[in-house]
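Each chain, letter by letter, is given below.
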Amino acid sequence: MIRVMLVDDEPNALDLLEILLTQIGGVEVAGRFYNPVQAFRVFVKEPVDAVFLDYDMPGLTGMETARKMREIRPHVPIVFTTAHSEFAVEAFEIQAADYLLKPLTLSRLEMTVSRLRQAVPGGGGTAGPVVGRAGAGMGQADMAFIRCMGGFSIALPDDPNRQLSWKTNKEKEVCAFLVHHGEKPVDTALIIESVWPGYDLGKAKTYLYTCLSYLRKSFQEHRLPMRIEKSDSGFAIRMNGAAADVTALEGMLNDILLAETPDDSLYGIINELYKGAYMEGCDYRWAVFRQEEINAKFVRALRSMHRVFRRQGNPTLAEDSLRRLLAIAPDSEADGRELIRLHLETGNRGEALRVYRRLEQVIRGQLGVDLEEETVRLYRQLGPSEEPSEEPS
């Protein structure tokens, strides 16, 4: 049994959440609150295993409430509930246990409760208040957020809008390389081969040790929880609670791809987390394989969500999912044809023609091959128009 606190300024939302949790079972609602200030006062005195917190509330917002709760009990899981997906990244910056979009569904909530049970062995709720900010892993230091999508950066815990500055580009790359390997020890030779290919071994070792020294000092100065540790043959980074966007994104992509019927509430969140390709713009050769792997998963997830939106009769999101997909895989003719058909169904012949033109430019202009016959037949269904740049064969 896990004990949870529910906070939402809408009575109907609180009622629905409690009903769904009762249906799931194994959850005790330790308190219901419309006022976040009152909820916080009780939170300080009464131990709970998790908090379900509405993001958008008058007065003290959900995010402000979460930050105050984290200062008192840094490790209590917080689950945000909201009607808006655009706050997802900010929620993950403080390591929210989950981010649920309203209206809540039983299947999605069951996934969340399952994760909470894993985070609270035995369903105890025995952790008492932890007040104070001294030492690693306490208070705001636990709120470090590492961005790997669309580049690489680390947000500072005292001001998430500021990023950790790097003394050298190689210091940044060493940090990114260790984060890339999770908390697994990486052999010194592999680090040098990846970050300083072709360098003199003696000089490269000196550069590596200098970069690691810079990182240790920076983590301590900015009260970041991460630590660099020496292993038998190399080094590892210990996250100590720091959250990375790529971890959250990959977890949700896996949830979508493994589900028989994907949860459409994840759609807005994965799009918020995907700010660009993995380590994009950093020119790290060692990151290319994972970049391609994540992009492939993201494309497959978008296709899966597209099928969901088509079944729901939601042409707006069906179009949006294909448009995002083609931005990553512009040479995917099958997806391009699907988008053309969707535009034709909604009577938007002009957009259908524009999609065809973009396909033609990529396939024929950049790849130097002919469009598939199915694509050409679809083009001819568009009716009289100006001829394409070359007559389709």
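What you see is a predicted model, and the numbers here were worked out from it, not measured in a lab.

Novice: Explain the pattern of salt bridges to me, please; I cannot follow it from the model alone.
Specialist: A side chain of one charge can pair with a side chain of the opposite charge when the charged atoms of the two come close. The full count for this structure, using the stated rule, is 27 salt bridges. The salt bridge involving Asp 335 is made with Arg 303; its shortest N-O contact spans 2.8 Å. With a gap of 32 residues between them, Asp 335 in helix H13 (residues 333–345) and Arg 303 in helix H11 (residues 288–312) connect regions that are remote in the sequence. The class of Asp 335 is buried, set by a relative accessible area of 8%. Owing to a relative accessible area of 30%, Arg 303 belongs among the partly exposed residues under this scheme. Residue Arg 341 pairs with Glu 374 through a salt bridge whose shortest N-O separation is 2.7 Å. Of this pair, Arg 341 sits in helix H13 while Glu 374 is found in helix H15 (residues 373–380), placing the two residues 33 residues apart along the sequence. On the accessibility criterion, Glu 374 (35% relative accessible area) is partly exposed. Connected via shared salt-bridge partners are Arg 310, Glu 333, Arg 337, Glu 338, Arg 341, Glu 345, Glu 372 and Glu 374.

Novice: In this structure, what is going on with the pairing of strand S4 (residues 78–82)? I would like to understand it.
Specialist: In summary, the side chains of a regular strand alternate between the two faces of the sheet. Where burial is concerned, most of S4 is hidden: 5 out of the 5 residues are buried. Neither face of S4 is exposed, since Ile 78, Phe 80 and Thr 82 on one face and Val 79 and Thr 81 on the opposite face are all buried. Pairing between strand S3 (residues 50–54) and S4: 4 bridges, direction parallel. When the bridges of S4 are listed, Phe 52 appears paired with Val 79. In this view, the connection linking S3 to its parallel neighbour S4 by way of helix H3 (residues 62–72) has right-handed handedness. In terms of strand pairing, S4 meets strand S5 (residues 98–101) through 4 bridges, oriented parallel. Within the sheet, the bridge partner assigned to Thr 81 lies in S5 and is Leu 100. At this point the chain moves from S4, through helix H4 (residues 88–93), to the parallel S5, and the crossover so formed is right-handed.

Novice: So what exactly am I meant to see when it comes to the nonpolar core here?
Specialist: In terms of nonpolar packing, the biggest core is built from 106 residues, with Val 51, Phe 80, Ile 146, Phe 152 and Phe 219 touching the most fellow members. Considering every element that reaches this core, the biggest residue donor is H11, with 7 residues. Contacts of Phe 80, omitting those with residues within four sequence positions, involve Leu 53, Tyr 55, Gly 62, Met 63, Ala 66, Ala 91, Ile 94, Ala 96, Asp 98, Tyr 99 and Leu 100. Leu 17, Leu 104, Leu 109 and Val 120 belong to the second largest nonpolar core, which has 18 residues in total.

Novice: What is the right way to read the packing of aromatic side chains from this model?
Specialist: Any two aromatic rings considered together are summarised by their centre-to-centre distance and by the angle between their planes. Counted according to the given criterion, the structure contains 10 aromatic pairs. A ring pair is formed by Tyr 55 and Phe 80, whose centres lie 5.3 Å apart and whose planes are at 55°; its orientation type is tilted. With Tyr 55 in the loop between S3 and H3 and Phe 80 in strand S4, this residue pair connects regions lying 25 residues apart in the sequence. One aromatic cluster is present, formed by Phe 177, Tyr 284 and Trp 286 through successive ring pairs. In this arrangement the basic side chain of Lys 68 is found over the ring face of Phe 40, its NZ or CZ atom lying 4.7 Å from the centre. If you follow Arg 73 out to its NZ or CZ, it ends over the ring of Phe 43, 4.8 Å from the centre.

Novice: Please explain the state of the cysteines as it appears in this structure.
Specialist: Structurally, a disulfide amounts to a covalent bond that connects the sulfur atoms of two cysteines. Counting across every chain of the model gives 0 disulfides. As a non-bridged cysteine, Cys 282 has Cys 148 as the owner of its nearest cysteine sulfur, 9.0 Å distant. According to the relative accessible area criterion, Cys 282 is buried, its value standing at 15%.

Novice: For this particular structure, what's the right way to read the packing of helix H1 (residues 11–24) against helix H5 (residues 106–119)?
Specialist: How two helices pack is summed up by the angle between their axes together with the distance between the axes. Contact pair H1 / H5: the axes reach a minimum separation of 10 Å and the direction vectors enclose 65°. If you check the angle between H1 and H5, you find them roughly perpendicular. The two elements H1 and H5 meet at a crossing, and its hand is right-handed. Seen from H1, the contacting residues are Leu 17, Leu 20, Leu 21, Gln 23 and Ile 24; seen from H5, they are Leu 106, Leu 109, Glu 110, Val 113 and Arg 117. When the residues that make up the contact of H1 with H5 are grouped by side-chain class, the tally is 7 nonpolar, 1 polar and 2 charged.

Novice: Please clarify how H5 should be interpreted in this entry.
Specialist: Each α-helix turn comprises 3.6 residues. Residues three or four places apart therefore point the same way. For H5, spanning 14 residues, the distance from its first C-alpha to its last is 20 Å, which sits close to the expected 20 Å at 1.5 Å a residue. Of the positions making up H5, those classed as buried are Arg 108, Leu 109, Thr 112, Val 113 and Leu 116. Looking straight down H5, one finds its buried side chains confined to an arc of 135°; they lie on one side.

Novice: Please explain the sheet that holds strand S10 (residues 227–230) as it appears in this structure.
Specialist: As a general point, the strands of a sheet are linked pairwise by backbone hydrogen bonds and lie either parallel or antiparallel. Taken together, the 3 strands give an open sheet; going across it, the order is S9-S11-S10, and neighbouring strands pair in antiparallel fashion. Edge positions in the open sheet fall to strand S9 (186–187) and S10, since each of these has one partner strand only. Alignment of S9 against strand S11 (residues 234–238), held across 2 bridges, turns out to be antiparallel. Across the sheet, residue Asp 187 finds its bridge partner in S11, namely Gly 234.

Novice: Can you walk me through the environment of Glu 171 in this structure?
Specialist: Note that Glu 171 resides in helix H6 (residues 169–180). A relative accessible area of 0% means that Glu 171 is categorised as buried. Not counting the four nearest positions on each side in its chain, Glu 171 is found in contact with Trp 166, Cys 211, Tyr 214, Leu 215 and Ser 218.

Novice: Just checking my understanding: could you explain the side chain of His 343 for this structure?
Specialist: Its place among the elements puts His 343 in helix H13. Taking the relative accessible area as the measure of exposure, His 343 reaches 2% and is therefore buried. Every residue in contact with His 343, bar those within four places of it in the chain, is listed here: Glu 319, Asn 348, Glu 351, Ala 352 and Val 355.

So, how was this worked out
- Residues numbered from 1 in each chain as written.
- Predicted model: local features only at pLDDT ≥ 70, side-chain atom pairs only at ≥ 80, totals over all residues.
- Heavy atoms only, no water.
- Salt bridge = Lys/Arg side-chain N within 4 Å of Asp/Glu carboxyl O.
- Helix = DSSP H or I, 4+ residues; strand = E, 2+ residues; numbered from the N terminus.
- Buried < 20%, exposed > 50% of the residue type's maximum accessible area, 1.4 Å probe, protein only.
- Pairing = 2+ DSSP bridges.
- Right-handed = clockwise from strand over helix to strand, strands pointing away.
- Core = buried A, V, L, I, M, F, W, Y, C linked by side-chain atoms within 4.5 Å.
- Contact = heavy atoms within 4.5 Å.
- Phe/Tyr/Trp six-rings, centres within 6.5 Å; stacked < 30°, edge-to-face > 60°.
- Lys NZ or Arg CZ within 6 Å of the ring centre and 35° of its normal.
- Disulfide = S-S within 2.5 Å.
- Axes fitted to C-alpha atoms, helices over the stretch in contact; angles between N-to-C directions.
- Parallel < 35°, antiparallel > 145°, perpendicular 65-115°, else oblique.
- Left-handed = near helix turned anticlockwise from the far one by under 90°.
- Nonpolar A, V, L, I, M, F, W, Y, C, P; charged D, E, K, R; others polar.
- Expected span 1.5 Å × (residues − 1).
- Arc of directions from axis to C-beta.

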